[in-house]
Amino acid sequence: MKGNLKRFLSVFLFLLLVIPSSTLGYEKESNTEPLEFRNASVHDPSIIKDPKTGTYYVYGSHIDAAKSTDLINWDNFTNGYTTPNNAVYGDLSANLEESFQWAGENDSDSRGGFAVWAPDIYWNKHYVNGDGSKGAYMMYYSVSSTYIRSAIGIAVSKDIEGPFEYVDTIMYSGFTNVDAYDQNSNVNKHWENTNLSDLIKDGTIDEVNPDWFTETGTYNNKLYTNAIDANILEGENGKLYMTYGSWSGGTFILELDKKTGLPKYPGKDGKTKDGRMIDRYFGTKIASGYGRSAEGTYAVYDKETGYYYLYITYGGLASDGGYQMRQFRSKNPDGPYVDAKGNQAVFSESFDLGVGNFPGNDDHKDIGNKMIGNFLFKRDLGEAGTGIGTGYLSPGHNSYLIDKELGKEFIVTHTRFPQQGEMHEVRVHQTFKNKDKWPVPTPYRYAGETIEKVTRQDVIGDYKYINHGKEITSELTESSWIKLNKNGKITGAVTGKWKLYGKYRAELKIDGEGTYDGVFIRQYDPTSQSWVMTFSAMSDEGVVIWGSYSEASTDEELVEAIKQELSTSLPTTVISNLSLATEATRGAKITWESSNPEVISADGVVTRPSSDSEDAIVDLTATIESGDATDTLTISVTVLAEEEGGLSGYYNFNDNLNDQTVNNRDASITGNRLDNRGGQITYAEGVAGKAAKFDGNSGLRLGDGLITGDTYSVSLWLKPEQITEFTTSFFGAETSNNWISVVPKTSWGNTMVWAHNGDQWYDAPTDTTIPVGEWSHLAFTVNEGNAVLYINGEAKFSGGNFPNVFNSIDAVFGLGVNYWDTPFKGLMDEVRVYDGLAITVDEVQSLYQNPDGVVTE
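Analysis parameters
Residues numbered from 1 in each chain as written. Predicted model: local features only at pLDDT ≥ 70, side-chain atom pairs only at ≥ 80, totals over all residues. Heavy atoms only, no water. Helix = DSSP H or I, 4+ residues; strand = E, 2+ residues; numbered from the N terminus. Rg over C-alpha atoms; globule rule 2.2 N^0.38 Å. Buried < 20%, exposed > 50% of the residue type's maximum accessible area, 1.4 Å probe, protein only. Contact = heavy atoms within 4.5 Å. Areas by Shrake-Rupley, 256 points an atom, 1.4 Å probe, with all protein chains shown as cover. Lys, Arg positive; Asp, Glu negative; His and termini not counted. Charge placed at Lys NZ, Arg CZ, Asp CG, Glu CD. Patch = residues over 30% accessible without salt bridge, like charges linked within 9 Å, V, L, I, M, F, W, Y side chains within 5 Å. Salt bridge = Lys/Arg side-chain N within 4 Å of Asp/Glu carboxyl O. Pairing = 2+ DSSP bridges. Core = buried A, V, L, I, M, F, W, Y, C linked by side-chain atoms within 4.5 Å.

So, the overall build of the chain
Line of reasoning, step 1. Each helix and strand counted, the chain has 8 helices and 51 strands in total.
Line of reasoning, step 2. A globule of 857 residues ought to have a C-alpha radius of gyration of about 29 Å, and the chain, at 30 Å, matches this closely.
Line of reasoning, step 3. Sorting the 857 residues of the chain into buried and exposed places 56% on the buried side.
Line of reasoning, step 4. Within the chain, residue pairs in contact and separated by at least 24 positions form 59% of the contacts whose partners lie at least 6 positions apart.
Line of reasoning, step 5. Summing over all exposed atoms, the chain offers an accessible surface of approximately 35100 Å²; the carbon and sulfur share of this is 46%.
Line of reasoning, step 6. Here the chain contributes 72 positively and 117 negatively charged side chains, and the mean placements of these two sets differ by 13 Å.

Structural notes on a positive patch on the surface
Line of reasoning, step 1. On the surface, Lys 489, Lys 497, Lys 499 and Lys 509 cluster together into a positively charged patch.
Line of reasoning, step 2. Its place among the elements puts Lys 499 in strand β28 (residues 496-501).

A few points about the environment of Gly 514
Line of reasoning, step 1. By the element assignment, Gly 514 lies in strand β30 (residues 514-525).
Line of reasoning, step 2. In sequence terms Gly 514 and Ser 539 are 25 residues apart; their C-alpha atoms lie 6.9 Å from each other.
Line of reasoning, step 3. Leaving out residues up to four positions away in the same chain, Gly 514 has contacts with Leu 508 and Lys 509.

Concerning the pairing of strand β1 (residues 46-49)
Line of reasoning, step 1. Here β1 pairs with strand β2 (residues 56-60) via 4 bridges, running antiparallel. Paired with Ser 46 across the strands is Tyr 59, a residue of β2.
Line of reasoning, step 2. Between β1 and β2, which pair antiparallel one after the other, the connecting turn spans 6 residues, and Gly 54 there sits at a positive phi close to 75 degrees.

Some details on the sheet that holds strand β25 (residues 477-478)
Line of reasoning, step 1. An order of β23-β22-β21-β20-β19-β25 is seen for the 6 strands of this open sheet, with the pairing classed as mixed. Here the strands that pair on one side only, and so sit at the sheet edges, are β23 (439-441) and β25.
Line of reasoning, step 2. In the sheet, strand β22 (residues 424-433) pairs with β23 via 3 bridges, with the strands oriented antiparallel. Within the sheet, the bridge partner assigned to Lys 433 lies in β23 and is Pro 439.

Structural notes on the nonpolar core
Line of reasoning, step 1. If you look at the biggest cluster of nonpolar residues, it comprises 81 residues, and the most contacted ones within it are Tyr 89, Met 171, Phe 175, Met 242, Tyr 281 and Phe 282.
Line of reasoning, step 2. The leading source of residues in this core is strand β6 (residues 134-144), at 7 residues.
Line of reasoning, step 3. Apart from residues no more than four positions distant in its own chain, Tyr 281 is found in contact with Ile 170, Met 171, Tyr 172, Phe 175, Asn 195, Leu 196, Leu 199, Ile 205, Trp 212, Leu 254, Tyr 265 and Pro 266.
Line of reasoning, step 4. In this structure, Met 371, Val 459, Ile 545 and Val 812 belong to the second largest nonpolar core, which totals 55 residues.

A short note on unusual backbone geometry
Line of reasoning, step 1. Look at the link from Gly 162 to Pro 163: it is a cis peptide, with omega at 5 degrees.
Line of reasoning, step 2. With respect to the element layout, Pro 163 can be found in the loop between β7 (150-157) and β8 (165-173).
Line of reasoning, step 3. For Ser 288, which is not a glycine, the phi torsion comes out positive at approximately 60 degrees.
Line of reasoning, step 4. Of note in the backbone geometry, Glu 784 takes a positive phi value of approximately 50 degrees without being a glycine.
Line of reasoning, step 5. Secondary-structure assignment places Glu 784 in the loop between β47 (776-783) and β48 (786-791).

Right, dumping it as structure tokens:
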């Protein structure tokens, strides 16, 4: 017996040496190298896999697209709205001219530019090309000029990267029964200017439906949709369908002719067996309606389950809009679609509040399984990694991929991020079905993981815990702490019981909530840069929960880690209130004492010494407690005395980028973003002497710390060569989520100032958009929350409650570039920044009348 045991142990040890660790399921644990991800920005991504090369592509709004060989690293390959040499559409204006006659080019909300949105790309092997050959990639794109005047068109190519040639415009919305025009538009919205005229002429439709219009002849958007967000669905029966529609009257489905890709319009009105609308033109209603938030429909048939799964996004797309993905399913392509609780995707008549949009309403929040909303796996003090953690803001407008070759399924979305403004990127999450056959997304972005057998010991421990709930909200759900104990109990922020069954199946019974079912899977945590155990599960109410494992440590180790991070994270020189943490990792407590509470209180309130006093040095002492471990840390902080306001930076661009004040905050050249390099700035004749010339791919970074409080002024001259939406002229940022931007043009505010302080958005709009090819003077003043924007010496905006953005001495500033948008193209001159001083209207007018005059030293 001893001999057999000895031989067994020898063989086992030998196998450990020679068998790859991945065979034993430990590959991810042993891989300690940090992963790098290459990211791309594509809004409303529609995914497709090229069967020839295995390359994945996502196409999205604003003619953006990216490709990847592994769903991990993405590269953009298009050139946006460039025309005539557009990477996707060639001569964009000429190619899509028929669609643009209705919407989307230099019209109404797209005045001065384009609005080509949310395409879906599909390989149609049945499509008959003009040369008689079969097979083409079909791009179903949207063009839009208002929230209801839009159209869906088709373009095709034999090459997955294009260029795509126009075929037809197949669906219109926003039409009227009277001659009517939108603001800043020459388009007559009468229905006769859509394809309805031809459909009536050829007998497809007998006549217009009177219900399409209100009593005054306007478009009835409580019942009928905004024609955007097409999605092509291949049914079990081999038929093709198009789902589409946004907000307004809901989402519809139409069958398509496989050879042409064109809709088979019903021609007659009717109702489904369960009472849903069938419209002669729009098709069968499958979701939402009555002006509630719902867009970005994507449907996919799953042969394994026999279900058609329908994904829709609720909320608004901006970082504060509460965008979030919802899920339904049906046994039939045209519905009825229901969620896990049995709620129908089509909203009931009880939602009818009349014609119009009601974006503030959240009365549909309980309808649909909520897949992913705003969340943050918060990195607490003392944890591995840096930053605030890993999370999303407003993830949505997803597509879905069933990859037969990989044997995996993925949800593909764009998302914004906490404390990063409106910057967005593509994210891919692997999904797994729970016991009720509902696909549930995993917590972290896909990093190549494959689900494997796990043991109880693998999953026991502390987890960051997220419950996505059902709310439609801009609020960020931050993780709390729970523990999966070895006795099968759950303790911490929620209580209950858990179990591992099968090879990796997870069941969590949460007290007062119900049972969640899903999987345990090891994933890559970008914050700790390590592979960790996670769980993902959904309840029979359609609520998704996530967990992310945190490595265990002793109380002493935890206190020491918190102490080390505190010693380097607090600023040593301050001018505004401090955020003094009182909680840390796994519930550790921190209390504070101040050596001079009149300057810095124990809760971080800062009172600066007056301008005739010296700077103050204050010792802050933190007491850190976790379990039985306690330690203290003292940090010395200098509080700067207040300063007299005045000119902090002046740039006249007379053949140099020097700051003309004694502060020596010289400018430097950037590339197409504030935080990169590689651009070029030249000089040309200015409004006074020389001016800086911006080529549309470059910008300037001014000296740091130009503004250090809630009172300041900016004055500058602009001569745009072109004007594009959101392009900044002057930009200042405390962080990428705390900033102000002087913007020559937006669709809703003309020339305006736009600001965000992490919680609050602020618009300072005007009634004017400065002209191209002419000099204009802009001045903007803020005085403790009171803001005024001047154009050519005239006050065009005045308002209160302007957010306090600048709370440190090292905020960054730029001209012509920010972190996200198209750079400025044109000339700038005579840029002045005042800190601690809001210049008067007389001083603004003096700067306008005497551009090179010195107004306040």
